[in-house]
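Residue-level structure breakdown
Listed here are the chains, written in short residue letters.
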Amino acid sequence: MYANYPGSGAGPEPLPSQKSPGSGRAARATRWCGEDGGARAGALGRVQAPARSSGRTGQFGGRWAGARAACRPPDGTWCHGERAAGKAATRGPGAGPVGSEGGPGEQGELGTGGRPPCVSLAGGHNGPGLCLRVGEMAQEHPLPVGAPGLRLVLPQPHRLHHRPPQRRPGCAPRPAPIPCHQAPAPTDLTRMIHILDTEHPWDVHSINSEHSEAITCLEWDQSGSRLLSADADGQIKCWSMADHLANSWESHVGSLVEGDPIVALSWLHNGVKLALHVEKSGASSFGEKFSRVKFSPSLTLFGGKPMEGWIAVTVSGLVTVSLLKPSGQVLTSTESLCRLRGRAALADIAFTGGGNIVVATADGSSASPVQFYKVCVSVVSEKCRIDTEILPSLFMRCTTDLNRRDRLPAITHLKFLARDMSEQVLLCASSQTSSVVECWSLRKEGLPVNNIFQQLSPAVGDKQPMILKWRILSATNDLDRVSAVALPKLPISLTNTDLKVASDTQFYPGLGLALAFHDGSVHIVHRLSLQTMAVFYSSAAPRSVDEPAIKRPRTTGPAIHFKAMQLSWTSLALVGIDSHGRLSMLRISPSMGHSLDVGLALRHLLFLLEYCMVTGYDWWDILLHVQPGMVQSLVEKLHEEYTRQKAELQQVLSTRILAMKASLCKLSPCTVTRVCDYHAKLFLIAISSTLKSLLRPHVLNTPDKSPGDRLTEICAKITDVDIDKVMINLKTEEFVLDMNTLQALQQLLQWVGDFVLYLLASLPNQGSPLRPGHSFLRDGTSLGMLRELMVVIRIWGLLKPSCLPVYTATSDTQDSMSLLFRLLTKLWICCRDEGPTSEPDEALVDECCLLPSQLLIPTLDWLPVSDGLVSRLQPKQPLRLHFGKTPALPGSATTLQLDGLIRAPGHPKTDHLRRLHLGAHPTEECKACTRCGCVTMLKSPNKTTAVKQWEQRWIKNCLCGGLWRRVPLSCP
């Protein structure tokens, strides 16, 4: 099982709780960005909604996001440890759900507590990200926190003026507040959204959302590049990245249900659903391991393209839908869920395979039924139309016993098991000290028909009528009071057969959901049977998993516990925020505490990496479980599985697998230099495709192949070492470009020439794998690509000699291009794919040894080692961080010995995409990749068409697929 790694920390200075107007409580929110993910933006993400509703999550590309509402923010901490779990639960406003604790020594009352926080993980294609929102906490005793892993502490802000709550009878009076005229101007934090990416969680970007009331819901889209926020006044805003930067957001569209707080929020489904087949994890084809599930979008445009938009549920029982048309127009419609409207303290939204939407609501009382509605959305005469239908409702099983119903008066959590799984729902009823969790399933059952009616109508007897009915699948015994719930997102089928296969294969990710309790513990339970799979505690003193709850020592005050949680896309990481406002990130082992063979553990990690490679989600949470000794095996097995796929699929995934290999190689000192090789190969592929796209056929209607394809074909057939003889076989008129265009490309052409010279000069030292570029010397595909580019550069040099790479030669008559092409061709022949591979002969090695005496060998500006977090984490060692303060993380000893991989202070910086020198203190605004650390200027200094075409490739994402973030100008 997992060890507990205690940390220490006390909560913020106790403050009296404050009630926000219109909601009966204050709230605090924090958002953590980014992903895919990777994200991912995450890029990690989705969002959980607190306040007067149940929260939901939105998707991340990759970021975490959150909103914060309170008089004064507490210490916010991020923790990284051995387990993690998912999504935060929220409760209804003012009644029903359990409230937070009162002052010291007081017990909270139902319906009077502060707003719970929400946390959301965006696991989008661009990178991981986080969004969270923290509800206001009442006074609690400061207790030490023992949470494994990584912790981030928010800086203490200035004291804000707030109104004290009314004193309860029998309680000691509290000190009088500061008079209004003496207090500093209040800063309303309930409207703030904070965004962080998981690689740099200390770098916080805050947004003033300008909501008129406290933020109640946050929701990521599928890619993690957009975010929805909703408040207690019914206002919904759609946020998108400004200039595609993860730390720059703007809102231009939204909708409003005036005066009606939003309790549930979701993007419309886009119809994309993938299923994992665990039993086929050993299959060779990705199509067998991951299959597309037939699932209809919520609404489609002409041609079947999914229509974008969102759906929300209000506290008064209204459902509102907003549709985003391609023209930018927003179509909004609002309808009642049923004719007899009722209060919806809790709500959740799910989607059916037929394109319909299912909404579940509860008024917060366990004595009332949980209602379900089918919502159909359509566009009629350029207007949005909503049709609703009542579905069967249910009463929680624990309410059938009158004694238990009185002990569990409130429904505190209501969630569908998955957004695209409307047939299963999770319910939690609570008192101030205990909770019961139940899992229900909607099934079709035959309706018995009396024999009399069968005789009157034989057709009735032939086909039994079917009805929908909720049946309970499982229920827990009395548990400690549940404070938060997190659900998995990994799309594993929930049929009994698939669950048995998953159990037989010992593949546990995605099978468990997380329950956080008020005693500080977090339980990972099976999402159908609700049986405990793993347990850990956040208190300082570790406790045995098998220790009875009755024997646990009671603390003098309320324990520090999670108020909101969110699981990552592969369920291997958990982000949560506790009752003292500390933000924590923990990791959950794929084995769930079971003893697994090393080979089986590698197979499970490989299976999840393949899933991320196919879907585009960020794989940052998988890296948390990769040990340095696993890196080499995972990279080799990943490449082996990739080469088994069809050529078309390999082409689609070619850049993604290189980025994934680079991420893995960062984790081991033995493979860190290969990170430079993978990024150089990504850059080489991008240059090759861009330069070939500039070639134009001389006669438009003649070729069945593009000039770039013919160039590749001719260079592969002709193995002559003379570059001029290869040029004779090409139609040089297809290579004619404008002179200004050729001059603008000179920096990219210079990099190609320098890279060829560097590789050939390093051939005599090929036995040292610690030198960057080592893997290129036996890569026939990359060497062939360089050979093609040398031919293109030679032809363009005849048109404009100033665009040629510049070499410093010892002889004025030295033809550097011909010399390098001749040596490069000899090296390419030794390892090309078409012929037998062989070692370079001694004559070639001797010629390469003479290169430093003929040409000045350039020093390449390799991509420096990223300052991200994942590659610096130590196994089973907690890491404590502070918001707004860059930590001094330990680096690899091997990395520090390598030239070019570490940038000393004051070292000149390089634009890694334009290959321009920016100087030690750049004066131009720059952006950096959240995943690999690549830096480039935010605005282009060149306006030519070819350069714009090159820069347009990286406008949204980096070479590796990571998100961009704006970096501040460095000071001298």
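Residues numbered from 1 in each chain as written. Predicted model: local features only at pLDDT ≥ 70, side-chain atom pairs only at ≥ 80, totals over all residues. Heavy atoms only, no water.

Looking now at the pattern of salt bridges. The final tally for this structure, using the stated rule, is 26 salt bridges. The partner of arginine 407 in a salt bridge is aspartate 478, with the nearest N and O atoms 3.3 Å apart. You can see arginine 407 sitting in helix α2 (residues 402-407) and its partner aspartate 478 sitting in the loop between β24 (466-475) and β25 (479-480), a full 71 residues away along the chain. Ionic pairing is found between aspartate 911 and arginine 914, a salt bridge with its closest N-O pair at 3.0 Å. Owing to a relative accessible area of 0%, aspartate 911 belongs among the buried residues under this scheme. Members of the salt-bridge network, linked through shared partners, are Lys289, Glu610, Glu640, Glu641 and Arg644. (Salt bridge = Lys/Arg side-chain N within 4 Å of Asp/Glu carboxyl O. Helix = DSSP H or I, 4+ residues; strand = E, 2+ residues; numbered from the N terminus. Buried < 20%, exposed > 50% of the residue type's maximum accessible area, 1.4 Å probe, protein only.)

This brings us to the confidence of the model for the protein chain. Residues with a pLDDT of 70 or more make up 73% of the protein chain, whose mean pLDDT is 77. Here residues 539-555 scores under 50 on pLDDT; set against residues more than four positions off or in separate chains, the count is 20 contacts. Note on residues 892-897: pLDDT under 50 across the span, and eight contacts to partners over four residues away in sequence or across chains. (pLDDT = per-residue confidence, 0-100. Contact = heavy atoms within 4.5 Å.)

A separate point is the side chain of threonine 570. Locating threonine 570 in the fold gives a position in the loop between β30 (562-567) and β31 (573-578). Classification of threonine 570 by relative accessible area gives buried; the value is 0%. Side chain to side chain, threonine 570 and aspartate 621 meet in a polar contact 2.4 Å long. Ignoring anything within four residues of it in the chain, the contact list for threonine 570 reads Leu490, Pro509, Leu608, Cys612, Asp621 and Ile622. (Polar contact = N/O pair within 3.5 Å; in protein donor to acceptor, adjacent residues only side chain to side chain.)

Our next topic: the sheet that holds strand β17 (residues 346-351). By definition, the strands of a sheet pair up through backbone hydrogen bonds, in either a parallel or an antiparallel sense. The strand order β17-β18-β19-β20 describes an open sheet built from four strands, whose pairing is antiparallel. At either margin of the open sheet sits one strand with a lone partner, and together these are β17 and β20 (383-394). The sheet shows a mean angle of 25 degrees between the axes of neighbouring strands, taken without regard to direction. Relative to strand β19 (residues 370-380), strand β18 (residues 357-362) runs antiparallel, the two sharing five bridges. Bridge assignment links threonine 361 to a residue of β19, and that residue is glutamine 371. (Pairing = 2+ DSSP bridges. Axes fitted to C-alpha atoms, helices over the stretch in contact; angles between N-to-C directions.)

The next subject is unusual backbone geometry. Backbone geometry at aspartate 243 places phi at a positive 60 degrees, although glycine is not the residue there. Among the structural elements, aspartate 243 can be located in the loop between β9 (235-241) and β10 (249-256). A positive phi angle is found at serine 381, which is not glycine, with a value near 55 degrees. Residue serine 381 is classed as exposed on the basis of its relative accessible area of 65%.

Looking now at the nonpolar core. Within soluble globular proteins, side chains that are nonpolar generally end up buried alongside one another. Membership of the largest hydrophobic core comes to 148 residues, with the highest contact counts inside it found for Val791 and Trp796. What valine 791 contacts, discounting residues up to four positions off in sequence, is Leu711, Cys715, Ile723, Val726, Met727, Leu730 and Phe821. Of all hydrophobic cores here, the second largest spans 25 residues; its members include Leu331, Ile357, Val359 and Val375. (Core = buried A, V, L, I, M, F, W, Y, C linked by side-chain atoms within 4.5 Å.)

What follows covers the UniProt feature "repeat: WD" (unreviewed entry) in the protein chain. Following the UniProt record, the feature "repeat: WD" (unreviewed entry) maps to residues 208-241 here. Here residues 208-241 is 0% helix and 59% strand, with 14 Å between the C-alpha atoms at its ends. (UniProt positions renumbered as here; feature names shortened; annotations may be inferred.)

A few words on the environment of arginine 385. On the secondary structure map, arginine 385 appears in strand β20. Of the residues examined, arginine 385 reaches a relative accessible area of 45% and is grouped as partly exposed. Along the backbone, arginine 385 and leucine 331 are 54 residues apart, and their C-alpha atoms lie at a distance of 9.5 Å. Sequence-distant contacts of arginine 385, defined by excluding residues within four places in its chain, comprise Cys376, Val377, Ser378 and Val380. Only 3.3 Å separates the side chain of arginine 385 from the side chain of aspartate 387, close enough to count as a polar contact.

In this model, helix α8 (residues 631-643) (13 residues) spans 18 Å end to end at C-alpha, consistent with the 18 Å of a helix rising 1.5 Å per residue. Residues of α8 that are buried include every one of Val631, Leu634, Val635, Leu638, Glu641 and Tyr642, and no others. Looking straight down α8, one finds that the buried residues subtend no more than 135 degrees of arc, so they occupy a single side. Buried residues in α8 make contact with α1 (286-289), α6 (598-615), α9 (647-665) and α10 (672-693). (Expected span 1.5 Å × (residues − 1). Arc of directions from axis to C-beta.)

With that settled, the discussion passes to the packing of α9 against α10. Where α9 contacts α10, the axes come no closer than 8 Å and their chain directions differ by 160 degrees. In terms of their interaxial angle, α9 and α10 are classed as roughly antiparallel. Crossing of α9 against α10: the hand is left-handed. Along the contact surface, α9 presents Thr655, Leu658, Ala659, Lys661, Ala662 and Cys665, while α10 presents Val672, Arg674, Val675, Tyr678, His679, Lys681, Leu682 and Ile685. Per-class residue counts for the contact of α9 with α10 are nine nonpolar, two polar and three charged. (Parallel < 35°, antiparallel > 145°, perpendicular 65-115°, else oblique. Left-handed = near helix turned anticlockwise from the far one by under 90°. Nonpolar A, V, L, I, M, F, W, Y, C, P; charged D, E, K, R; others polar.)

This brings us to the environment of aspartate 833. Note that aspartate 833 resides in the loop between α16 (816-831) and α17 (842-854). Here aspartate 833 falls in the exposed class, since its relative accessible area comes to 58%. The spacing of aspartate 833 and aspartate 779 is 54 residues in sequence and 8.9 Å in space, taken between C-alpha atoms.

Below, the discussion takes up the sheet that holds strand β37 (residues 935-937). Strand order across the open sheet formed by three strands is β37-β36-β38, with antiparallel pairing between neighbours. Two strands in the sheet have a free side with no partner beyond their single neighbour: β37 and β38 (964-967). Each neighbouring strand pair of the sheet contributes to a mean axis angle of 35 degrees, computed without reference to strand direction. Bridge count for strand β36 (residues 926-929) against β38 is four bridges, and the pairing is antiparallel. Residue pairing across strands places lysine 927 opposite arginine 966, the latter belonging to β38.

Turning to the packing of aromatic side chains, a few remarks are in order. Counted under the stated rule, the structure contains 17 aromatic pairs. Ring plane angle 65 degrees and centroid distance 6.2 Å describe the contact between phenylalanine 372 and phenylalanine 416, whose orientation is recorded as edge-to-face. One end of the pair, phenylalanine 372, is in strand β19; the other, phenylalanine 416, is in strand β21 (residues 410-418), with 44 residues separating them in the sequence. Taking the centre distance of 5.6 Å and the plane angle of 90 degrees together, the rings of phenylalanine 683 and tryptophan 950 count as edge-to-face. Placement of phenylalanine 683 in helix α10 and of tryptophan 950 in helix α19 (residues 945-952) is noted, with a sequence separation of 267 residues between them. Across the pair, exposure class does not vary: phenylalanine 683 and tryptophan 950 are buried alike. Taken together, Phe683, Trp751, Phe755, Tyr758, Phe776, Trp862, Trp950 and Trp954 form an aromatic cluster joined through their ring pairs. (Phe/Tyr/Trp six-rings, centres within 6.5 Å; stacked < 30°, edge-to-face > 60°.)

For strand β14 (residues 308-314), the tally of buried residues reaches six of seven residues, placing the bulk of the element in the interior. Where strand β11 (residues 262-267) meets β14, five bridges bridge the pair, whose relative direction is antiparallel. In the sheet register, leucine 265 faces β14, and the bridge partner there is alanine 312. Pairing analysis gives six bridges linking β14 to strand β15 (residues 318-324), with the strands arranged antiparallel. Within the sheet, the bridge partner assigned to valine 313 lies in β15 and is valine 319.

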